[in-house]
Amino acid sequence: MRKISVIIPCYNAASYVDRCITSIVVQTIGIDNLEIICIDDASTDHTWEHLQKWEQKFPENILLIRQEVNRRQGAARNVGLQYASADWVAFVDADDWLEPDYFEQLYIPAERFACDVAACGIETDYAADLVYFKEEDREKGKDQYIQSDTNAKKKEMLICKPLGEGPWAKIIRKELLLKYQIFFPEELFYEDNFWIPLLHIYVHHACVIGKKLYHYFVNPQSTIYKKNESYHVDWITIQLRKWRDYGERGLFKLYREELECDLLYNAVCFMKTLILRYDQPSFSYYQLEKQLIQQRIPDYKTSPYANIFTGIAGVLLDSLYLSMNKKEFQEFTGKVKQYYALNGKMQAERKDSGTGNGFRIVMFYSETESFNFFTDQLRKEFEKRGHEVFICDLEDTEDKTEHSYSRLNQFISKKVDLVICFDGLGTREEQFIEQWNRHQAVVVDILMDPPFRFHPTLEKHPEKYQLFCCDLEHVKYVKKYFAEEVPAVAFMPHVGTLGKEDVPVIPYEMRKYDILFSGSYAAPESYLEKIPELFPDDPRICRLYRCIYDLLLKDSSLTIEEAVLGTLNKNGWSVSDSMLKTLLNRSLYVDWAVRMYYRGQVVSVLAEAGFDLYLLGQGWEAHPSIKHTNVHRIEGQVPYEKSLAYMADAKLNLNVMPWFKAGTHDRIFNTLLRHSLPLTDPSSWITENFAGGGNIVLYDLDHLECLPEIVHELLEDSVKAETMIQKGYEMVRQKFTWTNCADWILDAAKHYPVGEGKHG
């Protein structure tokens, strides 16, 4: 019995079908393991003659079916499925072709891991001849095994679509398709968009091979590229049919929000097709789509997935909620055509320089372990989206690892589109500035610390420099002091890391730690003592910084900049702009000292109140509270990922903001994603986005005497705490994860310069 039935719909494919079948009969799995079913869908060229020649060569392996009436690809695939005798089926388009080991690479892990589906990467190919990849060009990422056995995982599958957007580039157990009636709509175009969500819902076990093995031919004569054809309105028919089918299957009860997201995605695709495939886009078609969407989703911005639709996708979606007349619609479509014309030119330039459709991205490892963890999270997100990422280890100067400088030089021999770093690491160095300018790469610098620490980087950096700050006041600071040097600066909140799906949530009452604080400590004086090193010849400035520190202790609402300016004004000092920048830049020791002071104060209050307090981080042996028997030292410095495991075992995770008065901190988001409750001092951003939602607990640095009562209530009332945690978890999972962060970065790169902006 054959192992795999290969189903090939053919319509007027005489120019391409020989290439397709040639790539199948030479498969390393062996022709005897394949059943090739070709359905000629009433072709009007010589497709049937070509197929007959192949049947004569391989009569035992090739089955031909000829349809007298053209019923479109969906019907042809359904017919092929009826005739398929193997346990596995594969759909291949007649103008596409396969790498020689395509079926072997998919079949072996699929059988080994008892999968329902095995998929691989796709390469959009323009080649006229049968060409294969070089081995190094096939690599796309690591192999993945997916177990989708809960509703939460299936929701993620519907949103992320790890098995691709169409039926190609995969093998599927025939039993799965038959059991759940996963068939294609017939006599309609755009049938794939009906079929693929059902596959993602019903699959339980899948593997994704980290290689590009399927050549997706961009055929300019393909139906989806033809202009002014009436069948493009099939998009709307498919959407209506999907919606009805979901209702009949009872899927809305489980996946309503995700299916709405899919409908919105299809609406964007239809609008793009309507505008780009018609010389004069139909106002009537626009009204039909608008009615379809508004009736089912009255306000898409209330969707938890609304943030997915950014850039031009958001513009197209917004248009379906506007009251445009015919003239306004024509003006709108004209502007969208102009946008895509410019965007197409930019993509063509990337293609000419060897970058393909995805971005080629450079990121960095450094001596800061947490930044390396963040880099890995972003890499995974970018690779999911089909982008190519190289990570350079700034510490590997001896060419010891795959992240070495020599490997970087190999990678950047082709055009680099995007460079991403934290706190300027990989941006500020002279050799990197020259490289990124040569590539005209967009360089995204994510500041995890205040911008006053990075004046040299803000003054000298690559030409296409996009700065993100985690505090709205930091954005104002950059615009005030570096407006000319950094025209593209925006706010981007921290994000958290989702927990692993196979790690169970520890019940609240069974958690090991009542209160956990993960962060280092040092005596504030140890930082203040370093100030004379910065100004050894001017003791007045040392006294000035002491005054700044004292002012910050009196008024915890002040930013560092406000404290510097206030102290100068109080003492009647007038300084030049250059000197002011110097004073701000060198206020880092005051910044550290005030952070440590308040960390120490919060811990002291809780320790003296008798709570069991657990400290994770360096330096706490120098804090007076360590003498209390209810204060427990866990470990010193631990890897970032390990700290997340500790957080998951705590009822309350204590946070003291690092003097971000209008910003965020990843500890808050990670706490909620570990199903724990954050206890933090506020910032204006936190108060605006969290405090009213009953999903976070705030205390006041100026009234720490109230803190013990707040903690006592939370530890006693587990129901209240767990309710808040659940609300916070859902909010962060939807809005503040690395998936969101990757989207924000890519959106900024695609629309550089972005200038002023605010995510979240």
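Since we're looking at a predicted model, the values are computed, not measured.

## Quick word on the state of the cysteines
For the structure shown, the criterion picks out 0 disulfides. Here cysteine 115 stays unpaired: no disulfide links it, and the sulfur of cysteine 207, its closest cysteine neighbor, is 3.7 Å away. With no disulfide of its own, cysteine 261 has cysteine 160 as its nearest cysteine by sulfur position, at a separation of 9.8 Å.

## A look at the confidence of the model for the protein chain
Mean pLDDT over the protein chain works out to 91, with 96% of the residues at or above the 70 mark. Across residues 345–356, confidence stays below pLDDT 50; counting only partners more than four residues off in sequence or on other chains, it has 15 contacts.

## Looking at the nonpolar core
Counting residues in hydrophobic clusters, the biggest one holds 142 residues, and the most contacted among them are Leu378, Phe382, Ile420, Phe690 and Ile745. In this structure isoleucine 745 touches Leu378, Phe382, Leu418, Ile420, Val444, Ile446 and Met492, once residues within four positions along its chain are discounted. If you look at the next biggest cluster of nonpolar residues, it comprises 75 residues, including Ala84, Val117, Val233 and Leu320.

## Observations concerning the pairing of strand S13 (residues 442–447)
Taking burial as the measure, the 6 residues of S13 include 6 buried ones, the bulk of the element. Taking every second residue as pointing to the same face, both faces of S13 are buried, with Val442, Val444 and Ile446 on one and Val443, Asp445 and Leu447 on the other. Here strand S12 (residues 418–422) runs beside S13; their pairing, made up of 5 bridges, is parallel. When the sheet's bridge partners are listed, cysteine 421 is paired in S13 with aspartate 445. Read from S12 through helix H16 (residues 430–439) to S13, the crossover connection turns out right-handed. Pairing between S13 and strand S14 (residues 465–469): 5 bridges, direction parallel.

## Digging into the layout of surface pockets
By volume, the second largest pocket amounts to about 1,200 Å³. Along its surface, the second largest pocket is lined by 42 residues, and Thr368, Ser370, Ser520, Gln637 and Tyr640 are the ones closest to its centre. For the lining of the second largest pocket, the secondary structure elements donating two or more residues are helix H14 (369–384), helix H24 (588–608), helix H25 (640–647) and helix H26 (666–673). Looking at the lining of the second largest pocket, its residues break down into 17 nonpolar, 14 polar and 11 charged.

## Some thoughts on the sheet that holds strand S18 (residues 631–635)
Strands belonging to one sheet form pairs held by backbone hydrogen bonds; the direction of such a pair is parallel or antiparallel. Strand order in the open sheet made by the 6 strands is S18-S17-S16-S19-S20-S21, with parallel pairing throughout. On the outer flanks of this sheet lie S18 and strand S21 (697–698), each paired with one strand and no other. Two elements, strand S16 (residues 513–518) and strand S17 (residues 613–616), share 4 bridges in a ladder whose sense is parallel. Note on S17: the bridge partner recorded for leucine 516 is tyrosine 614.

## A short note on the sheet that holds strand S15 (residues 489–491)
Strand order in this open sheet of 6 strands is S11-S10-S12-S13-S14-S15, and the pairing throughout is parallel. In the strand order of this sheet, the two ends are held by strand S11 (388–393) and S15, each with one partner. This sheet shows a mean twist of 20 degrees between the axes of neighbouring strands, independent of strand direction. Here S14 runs beside S15; their pairing, made up of 3 bridges, is parallel.

## A short note on helix H29 (residues 718–735)
Taking 1.5 Å of rise per residue, the 18 residues of H29 would be expected to cover 26 Å, and the 26 Å separating its terminal C-alpha atoms lies within 8% of that figure. Taken as a whole, H29 has its buried residues at Ser718, Ala721, Met724, Ile725, Gly728, Tyr729, Met731 and Val732. Looking at the buried residues of H29, the elements they touch are H26, strand S20 (677–680), helix H27 (684–689), S21 and helix H28 (707–716).

## Examining the packing of aromatic side chains
Throughout the structure, instances matching the rule amount to 48 aromatic pairs. Their ring planes at 20 degrees and their centres at 4.9 Å tell us that tyrosine 521 and tryptophan 620 sit as a pair that is stacked. Of this pair, tyrosine 521 sits in the loop between S16 and helix H19 (524–528) while tryptophan 620 sits in the loop between S17 and S18, and the two are 99 residues apart along the sequence. Ring geometry for phenylalanine 690 and phenylalanine 736: centres 6.4 Å apart, planes at 35 degrees, overall tilted.

## Quick look at empty space enclosed by the protein
The full count for this structure, using the stated rule, is 3 cavities of 30 Å³ or more. Roughly 100 Å³ of internal volume is contained in the largest cavity. Along its surface, the largest cavity is lined by 15 residues, and Ile446, Met448, Met492, Pro493 and His494 are the ones closest to its centre. Listing elements by their share of the lining of the largest cavity, those giving two or more residues are S13, S14 and helix H30 (738–750).

## Regarding the pairing of strand S2 (residues 34–41)
With 8 of its 8 residues buried, S2 lies for the most part within the structure. Residues Leu34, Ile36, Cys38 and Asp40 point to one face of S2 and Glu35, Ile37, Ile39 and Asp41 to the other, with burial holding for every one of them. The sheet contact formed by strand S1 (residues 4–10) and S2 spans 7 bridges and is parallel. Within S2, the residue paired with proline 9 across the bridge is isoleucine 39. Crossover connection from S1 via helix H1 (residues 17–25) to parallel S2: handedness right-handed. Taken together, the 6 bridges between S2 and strand S3 (residues 62–67) define a ladder with parallel strand orientation. Looking at S3, one finds that isoleucine 39 is bridged to isoleucine 65. Handedness of the S2-helix H2 (residues 47–57)-S3 crossover: right-handed.

## Overview of the environment of serine 518
Of note, serine 518 is situated in strand S16. The class of serine 518 is buried, set by a relative accessible area of 11%. In this structure, the C-alpha to C-alpha distance between serine 518 and asparagine 266, residues 252 residues apart in sequence, is 44 Å. Setting aside its immediate chain neighbours within four residues, serine 518 contacts Leu616, Met647 and Arg667.

## Focus: the packing of H14 against H25
Where H14 meets H25, the axes come as close as 9 Å, and the angle between the chain directions of the two elements is 85 degrees. With respect to H25, the axis of H14 lies roughly perpendicular. Within the contact between the two elements, H14 uses Glu369, Ser370, Phe373 and Phe374 and H25 uses Tyr640, Glu641 and Leu644. Residues that form the contact of H14 with H25 fall into these classes: 4 nonpolar, 1 polar and 2 charged.

What counts as what
Residues numbered from 1 in each chain as written. Predicted model: local features only at pLDDT ≥ 70, side-chain atom pairs only at ≥ 80, totals over all residues. Heavy atoms only, no water. Disulfide = S-S within 2.5 Å. pLDDT = per-residue confidence, 0-100. Contact = heavy atoms within 4.5 Å. Core = buried A, V, L, I, M, F, W, Y, C linked by side-chain atoms within 4.5 Å. Buried < 20%, exposed > 50% of the residue type's maximum accessible area, 1.4 Å probe, protein only. Helix = DSSP H or I, 4+ residues; strand = E, 2+ residues; numbered from the N terminus. Pairing = 2+ DSSP bridges. Right-handed = clockwise from strand over helix to strand, strands pointing away. 1 Å grid on protein atoms, 1.4 Å probe; cavity = no way out; pocket = protein on both sides within 12 Å on 5 of 7 lines; lining within 4 Å. Points joined across faces, edges and corners; volume = space filled by probe spheres on them. Nonpolar A, V, L, I, M, F, W, Y, C, P; charged D, E, K, R; others polar. Axes fitted to C-alpha atoms, helices over the stretch in contact; angles between N-to-C directions. Expected span 1.5 Å × (residues − 1). Phe/Tyr/Trp six-rings, centres within 6.5 Å; stacked < 30°, edge-to-face > 60°. Parallel < 35°, antiparallel > 145°, perpendicular 65-115°, else oblique.

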